[in-house]
Structures are given as C-alpha cells and as structure tokens.
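Coordinate inspection notes
Okay, here's what each chain looks like letter by letter:
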Amino acid sequence: MYVYIDGEVKKAGEARLSVFDHGFMYGLGLFETFRVYNGHPFLLNAHMERLEAGAEELGIVFRYERETVEAEIQQLLDANGLQNAYVRYNVSAGPGDLGIQTTPYLEPVIVIYMKPLPAAGAEPMQKDALWLRLRRNSPEGRERMKSHHYMNNWLAKQEIKDRPDVEGIFVNGEGYAAEGIVSNIFWRKRDTLYTPAVGTGILNGITRQFVIQLAHENDYIVEEGYFLPKNIEAAEEMFVTNSIQEIAAVRALGDHYFPSYSAARLLHSRYQKEREKK
Ligand SMILES: C=C(O[C@@H]1C=C(C(=O)O)C=C[C@H]1N)C(=O)O
Ligand SMILES: Cc1ncc(COP(=O)(O)O)c(C=O)c1O
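Report on the accompanying structure. All residue numbers refer to positions counted from 1 along the written sequence of the respective chain. Whichever chain is written first becomes A and whichever ligand is written first becomes 1, with later ones labelled in order. Where local features are concerned, this predicted model is filtered to residues with pLDDT of at least 70; where side-chain atom pairs are given and counted, the filter is 80 or more; whole-chain, interface and lining totals use all residues. Side-chain metrics in this entry use all non-hydrogen atoms of the structure; hydrogen atoms and water are not considered.

The space that makes up the largest pocket amounts to roughly 1100 Å³. Whether a set of points on the 1 Å grid over the protein atoms alone is a cavity depends on a 1.4 Å probe fitting there but being unable to get out, while an open set qualifies as a pocket with protein on both sides within 12 Å along at least five of seven lines; lining residues are those with an atom within 4 Å of a point. Forming the boundary of the largest pocket are 48 residues, of which Tyr86, Val182, Asn242, Ile244 and Gln245 lie nearest the centre. The domain boundaries here were taken from an automatic or database domain assignment. In this structure, the lining of the largest pocket is formed jointly by two domains, domain 1 (2-116) and domain 2 (126-274), each of which donates at least three residues. Grid points are joined across faces, edges and corners, and a volume is the space filled by probe spheres set on the points.

Another aspect to go through is the pairing of strand β2 (residues 8-11). On any regular strand, side chains alternate: one points to one face of the sheet, the next to the other face. Pairing of strand β1 (residues 2-5) with β2 involves four bridges; the strand directions are antiparallel. Opposite Ile5, over in β2, you have Glu8 as the bridge partner. Connecting β1 to the next strand, β2, in antiparallel fashion are two residues, including Asp6 with a positive phi near 50°. Only strands that DSSP links by at least two bridges are regarded as paired with each other. By the criteria applied, helices consist of DSSP H or I runs no shorter than four residues and strands consist of E runs no shorter than two, each listed in order from the N terminus.

The nearness test applies per residue and asks whether one of its heavy atoms lies within 4 Å of the molecule or strand. Surveying the vicinity of ligand 1 reveals the residues Phe31, Thr33, Tyr86, Arg88, Lys146, Tyr150, Val182, Asn242, Ile244 and Gln245. Nitrogen and oxygen atoms within 3.5 Å of one another constitute a polar contact, given that in protein one can donate a hydrogen and the other can accept it, and given that sequence-neighbouring residues count only through two side-chain atoms. A distance of 2.9 Å separates an oxygen atom of ligand 1 from a polar atom in the side chain of Thr33. Taking Lys146, its side chain carries an N or O atom lying 2.9 Å from a nitrogen atom of ligand 1. When the free accessible area of ligand 1 is taken as 390 Å², the share hidden by the protein chains comes to 79%. Cavities and pockets are treated as containing a molecule whenever more than half of the molecule's atoms lie within 2 Å of their grid points. More than half of the atoms of ligand 1 fall within 2 Å of the grid points belonging to the largest pocket. Among the elements of the structure, β3 (29-37) and β5 (85-92) are those that each provide at least two residues to the shell around ligand 1. Gly falls in the polar group here, along with every residue not listed as nonpolar (Ala, Val, Leu, Ile, Met, Phe, Trp, Tyr, Cys, Pro) or charged (Asp, Glu, Lys, Arg). Its residues placed into classes, the shell around ligand 1 shows five nonpolar, three polar and two charged. Only the protein chains shown count as cover for residues, with accessible areas throughout obtained via the Shrake-Rupley method and a probe of 1.4 Å.

Counted according to the given criterion, the structure contains one cavity of 30 Å³ or more. The computed volume of the largest cavity comes to approximately 40 Å³. Around the largest cavity, the lining residues are Arg35, Phe42, Leu43, His47, Ile206, Thr207, Ser243 and Tyr271. Split into classes, the residues belonging to the lining of the largest cavity amount to four nonpolar, three polar and one charged.

Given below as structure tokens:
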C-alpha cells in the first residue's frame, strides 16, 4: 500500500517521520477516520472541521480546504487503485525541541493512511457487546479529542481480544455508561433513543452526530444524558456507531439479549441513502 506524507505519495515502508515530532514525543497529533464510498469521502467537512478545531486547541497550525484534502485523498486512492476505502487522515504536530513547547506548531506533518474495504452492505452489521472492567479515562482537555492518546482504548481492546464481532463498552469513573472502544452507543425504548452525553467523557463521534440528526428527521426523540448500565439493559434495542462500521445492531450486551433492531435498521437505510452524497 501507499501512504501520503507531507505532500508526497510513498510506499508505506518508505515514509519517514522525525524522532523529534511532538506527535510521537508528546502525543500531540489528531486524526480522523472515515470511509470513501465509490470515490466519495463521506461527511468529509464534519470530520475535517473537528480536526481543524482540535488542531487550533493544540496550537497546531492546520487549515482545512476541501479541494486540497479531496485532491490528497484522490491521489492516494489512485496510487492504491481503490474506490472504496478506510481512510485515516492524521495531523501530527511536527518537529520541536526536547521539552514541552508553548509556541504554535507551524510545520505539522500530514499523513494519510488507507486500506481497502468491501463495498458497504444494505443491512446493518450485527455485533455483540460486553461491559469492560477497565474504566473510560477522562479527557485530557475540555472535551475528548480524536488524538494520538489511545492507550485507554488499547488496554480495553486487550480485555476483549481480537474479536471483530464484539465491541467492549466503557463505563466512566463515575459509573455512567460512556462509549465503545471505537464507537458511540445508542439504545431505544419505545420511540426514544438514548445516548450518553458528551460530558461523560466520550468522543462526540461524527457518526453519532449524524445519526442524531437522522433520528430527529425520522420522528425519534433523542435524549443525551447520564445513564447507568442497568438503563441500557432495560432497553428494547441497542446499536453502536462509527464512521467505518456505520450503524451496527447489538444482538446482546453480556447475557442481555435485545429483542429488536428496528431503529438500527431504519436509520441504517437512511444513512445508506446519504453515503455517496454528503
Ligand atoms: C481508532 C481508529 O478509528 C476508529 C476505528 C474504527 C474501527 O476500527 O472500526 C472506526 C472508526 C474510527 N473512529 C483508527 O485507528 O482508525
Ligand atoms: C472512542 C471512540 N468513540 C467513538 C468513535 C466514533 O467516532 P466517529 O463516528 O467519528 O467515527 C470512535 C472512532 O474512533 C472512537 O474511537
């Protein structure tokens, strides 16, 4: 595979980053993961605007211009011979000195990774979910960023092991349901969808935000709040969302089986209609 780094497309094994890059030394880097459907990067503006806002908070000088980013992605799709892809767009702070820096990072390094994905299916994926013993850590700053700090998620994944059909679900330090290892969570009782508030320490997923919008358009009530595990276990349905897996219906959370997946199905069919547009 090829990657894009600092304006050039290179063979994956030939791309190089400085050992003084503060993305490596201090975790000062951000990324977005999204899907390309038939050449179309889905929800690109929303992803890149989140990245731009995070960069501003970290003093990383990065301006999003849609045309530039589209061209970078297209260049890499062409090099890799892909039309459908898993894309990771990374902005690393760039080189600095030894020691914590307080001045802006003027030369961030952009790295784009890509891998093939099969064409998206017409039905939502199905998964199982398990409560994690490990607690969700609290965000480093005001709100969780999609940053290079993924150790809490990594440790959680070791608990679940390599089981692609299982998502681990975090409870935060205060005992409230939070999010999946790489996803946001929703559950339904009658016509109301519930999802943890951003204040629980979750990543405010781009898919989460889009699904909330679709849910409103389809007459669901959406409540964001502070909920206990037992609230989810009393639900009729649960699903998880992220930019790669879209909306995945949860069959069971531990030994609690959900009898329905009607909202996941309906929202997924609406999502599908938008995949090559937004
Ligand atoms: C952690 C990453 O990003 C998330 C991972 C997935 C996935 O593996 O399904 C999906 C969406 C992302 N928000 C990553 O390494 O890309
Ligand atoms: C911890 C966590 N929560 C939620 C998400 C979903 O975010 P998005 O919808 O932007 O893919 C991810 C994806 O990386 C994640 O890692």
